Amino acid sequence: MVLAAGMGSRLRPLTTATPKPLVPVGDRAVLAHVLDRLATAGVTRTVVNAHHGAAAMAAFVAGRRGCVLSHEPDLLGTAGGVAHAALALGAGPVLVWNADILAGLDVEALVDAHAAVSAREATLVVQRHDRGRGTVGLDDAGRVVRLRSERFGPASREASGGDFVGVHVISERLRRSLPGRGCLVGDVYIPALKRGARLDAYPCDEPFFDVGSLERYHEANLAWLACRGFASWVGDGALVASSVTLDRSLVGDGASVSGSGALARCVVWPGAEVEAPLADAVVIPGAVVRVAHAKGSAPP
């Protein structure tokens, strides 16, 4: 299941007219990247939930084989979203992937790892850090002993820390206890850990991006360029004036770039128009949104 029903508030104004899962990263929507990775791993049935921009989401999902939409007229939260889609998902454990997460993850290995221990209630994909760092704490065996600010057992049990990537597998047993409205972490995982349930971590050493913020969305696009060895990228039907120099920029299908000088580290959406020179911005139809990176940092 791909959780895609959020409002995308941190990405406004990009998400004012476009649902967050449909914002482009490179040559495709974020949701397309996620669904393509799942399909490559052999997943043949995927449920995508939607609330904000449900009509656009339904049209997108309709073109994807083996993919169905679970519409939520009211937001139900991550746990409620999975519970609401129970019929479409069918029986058994469920792989859950946040739609705003881009990760180079071996999906088949994750599913196999979860299935290897029948006592696991859930398996969370975690990027490991030093002990005490991040939102998750793990013992020597990779079991979750800290989640958010809650600890389960003596603090000495924690051997390493980590960040939850937003991809996880939920057992069939735990699915049966999901509330009709609520959060998987706060309303399901933390209470389960308190009662002694086993939640394990699956390590993810690959870079991942949470494109829920403007800065991380911008970084994800530049990383898409870098991992393909592209200096810049221009989509089908896009027009770039001969007086413009592209520097680590993406120009979407049917977009146009006029003016003179450099277009540096910019993401120009399909159909948008922009004038150079310009740097560190996301250009959507009708607006230029500047990207302010933290002091001392630079995009990849």
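First, a word on scope: everything that follows refers to the structure included in this document. Since the structure is predicted, the reported quantities are computational estimates derived from the model, not experimental observations. Residue numbers run consecutively from 1 along every chain, following the written order of its sequence. Residue-level local features of this predicted model are given only where pLDDT is at least 70; pairs of side-chain atoms are given and counted only at 80 or more, and the full residue set underlies all totals for whole chains, interfaces and linings. Computation of side-chain values covers all heavy atoms of the structure but excludes hydrogens and water.

1. Looking at the overall build of the chain
Thinking step 1. Here a strand is any run of E in DSSP of at least two residues, a helix any run of H or I of at least four, and the numbering for each starts at the N terminus. Check the secondary structure of the chain and you find eight helices and 21 strands.
Thinking step 2. Each radius of gyration reported is based on C-alpha atoms, and the globular scaling rule is 2.2 Å times the count of residues to the power 0.38. The C-alpha atoms of the chain give 20 Å as radius of gyration, which agrees with the globular expectation for 300 residues (19 Å, within 12%).
Thinking step 3. If you line up the chain on its principal axes, its C-alpha atoms span 65 × 40 × 30 Å.
Thinking step 4. For every residue, the accessible area (1.4 Å probe, protein chains only) is compared with the maximum for its type, and the residue is labelled buried under 20%, exposed over 50%, or partly exposed between those bounds. Classification of the 300 residues of the chain by burial places 50% in the buried group.

2. Some thoughts on the environment of Pro-19
Thinking step 1. Along the chain, Pro-19 turns up in the loop between β1 (2–3) and β2 (24–25).
Thinking step 2. Between the C-alpha atoms of Pro-19 and Gly-53, which are 34 residues apart in sequence, the distance is 5.4 Å.
Thinking step 3. The residues contacting Pro-19, other than those within four sequence positions of it, are His-52, Gly-53, Ala-56 and Met-57. Contacts are assigned to residue pairs with any non-hydrogen atoms lying within 4.5 Å of each other.

3. Section: helix α2 (residues 54–62)
Thinking step 1. Along α2, the positions that sit buried rather than exposed are Ala-54, Met-57 and Val-61. One side of α2 carries all its buried residues, which in axial view fall inside an arc of 60°. Those residues of α2 that are exposed and aimed more than 90 degrees away from the buried face are Ala-55, Ala-59 and Ala-62. The arc under discussion is defined with respect to the helix axis, by the directions toward the C-beta atoms.

4. Comments concerning the pairing of strand β4 (residues 46–50)
Thinking step 1. Among the five residues that make up β4, five are buried, leaving the element largely enclosed by the rest of the structure.
Thinking step 2. What you see with β4 is no split at all: Thr-46, Val-48 and Ala-50 on one side and Val-47 and Asn-49 on the other are buried throughout.
Thinking step 3. When DSSP finds at least two bridges between two strands, those strands are taken to pair. Both β4 and strand β5 (residues 67–71) contribute to a ladder of five bridges, which runs parallel. Looking at the pairing, Val-47 lines up with Val-68 of β5.
Thinking step 4. For the crossover from β4 across α2 to β5, the handedness is right-handed. The definition of a right-handed crossover adopted here requires that, viewed with the strands pointing away, the path from the first strand over the helix to the second runs clockwise.

5. Regarding the nonpolar core
Thinking step 1. Leu-14, Val-48, Trp-97, Leu-105, Val-167, Tyr-217 and Val-282 are the most contacted members of the largest nonpolar core, which has 53 residues in total.
Thinking step 2. Considering each element in turn, this core owes the most residues, seven residues, to helix α8 (residues 214–227).
Thinking step 3. Each residue touching Tyr-217, except ones within four places of it in the same chain, is listed here: Leu-11, Leu-14, Val-23, Pro-24, Val-25, Val-211, Val-267, Trp-269 and Val-282.
Thinking step 4. Ranked by size, the runner-up nonpolar core spans 30 residues in total, among them Leu-3, Val-144, Phe-152 and Leu-178. Nonpolar core, defined: a set of buried Ala, Val, Leu, Ile, Met, Phe, Trp, Tyr and Cys residues in which side-chain atoms within 4.5 Å join the residues together.

6. Concerning the pattern of salt bridges
Pairing between side chains becomes possible if they bear opposite charge and their charged atoms approach one another.
Thinking step 1. Here, a salt bridge means any Lys or Arg side-chain nitrogen found within 4 Å of an Asp or Glu carboxyl oxygen. Applying the stated criterion across every chain, the model contains 14 salt bridges.
Thinking step 2. Two residues, Glu-150 and Lys-194, come together in a salt bridge whose shortest N-O distance is 3.7 Å. Of the two residues, Glu-150 is situated in strand β11 (residues 150–151) and Lys-194 in helix α7 (residues 184–194); the sequence distance between them amounts to 44 residues.
Thinking step 3. By relative accessible area, which is 57% here, Lys-194 ends up exposed.
Thinking step 4. Residues participating in the shared-partner salt-bridge network are Asp-27, Arg-28, Asp-36 and Arg-64.

7. Things to note about the pairing of strand β6 (residues 94–98)
Thinking step 1. Of all five residues making up β6, four are buried, and the element is well covered by its neighbours.
Thinking step 2. When β1 meets β6, the two strands line up parallel, connected through two bridges. Bridged to Leu-3 within β6 is Asn-98.
Thinking step 3. For β6 and strand β12 (residues 160–170), the ladder comprises four bridges, and the chain directions are antiparallel. Along β12, the bridge assignment pairs Leu-95 with Val-169.

8. Considerations on the packing of aromatic side chains
Thinking step 1. Pairing of aromatic rings covers Phe, Tyr and the six-membered ring of Trp, with a centre-to-centre limit of 6.5 Å; geometry is then stacked below 30 degrees between planes, edge-to-face above 60, and tilted otherwise. Going through the model one piece at a time under the given rule, you end up with two aromatic pairs.
Thinking step 2. Ring centres of Trp-224 and Phe-230 lie 5.8 Å apart, and the angle between their planes is 70°; on these two criteria the pair is classed as edge-to-face.
Thinking step 3. The partly exposed category is assigned to Phe-230, whose relative accessible area is 36%.
Thinking step 4. Between the aromatic rings of Trp-224 and Trp-233, the centroid separation amounts to 5.6 Å while the plane-to-plane angle is 80°, which identifies the pairing as edge-to-face. Taken as a pair, Trp-224 and Trp-233 share a single burial class, namely buried.
Thinking step 5. Grouped by ring-pair contacts, the aromatic residues Trp-224, Phe-230 and Trp-233 constitute a single cluster.

9. Notes on unusual backbone geometry
Thinking step 1. Cis rather than trans, the peptide bond between Arg-12 and Pro-13 has omega equal to 10°.
Thinking step 2. Residue position: Pro-13 is located in the loop between β1 and β2.
Thinking step 3. Cis geometry marks the peptide bond from Ala-276 to Pro-277; its omega dihedral reads 5°.
Thinking step 4. Inspection of the secondary structure assignment puts Pro-277 in strand β20 (residues 273–284).
Thinking step 5. In this structure, Arg-148 is a non-glycine residue whose phi angle is positive, near 55°.
Thinking step 6. Inspection of the secondary structure puts Arg-148 in the loop between β10 (144–147) and β11.
Thinking step 7. In this model, Asp-280 sits at a positive phi of 50°, which is unusual for a non-glycine residue.
Thinking step 8. Note on placement: Asp-280 falls in strand β20.
Thinking step 9. Taking the relative accessible area as the measure of exposure, Asp-280 reaches 19% and is therefore buried.

Purely spatial values, then, with no claim about function.
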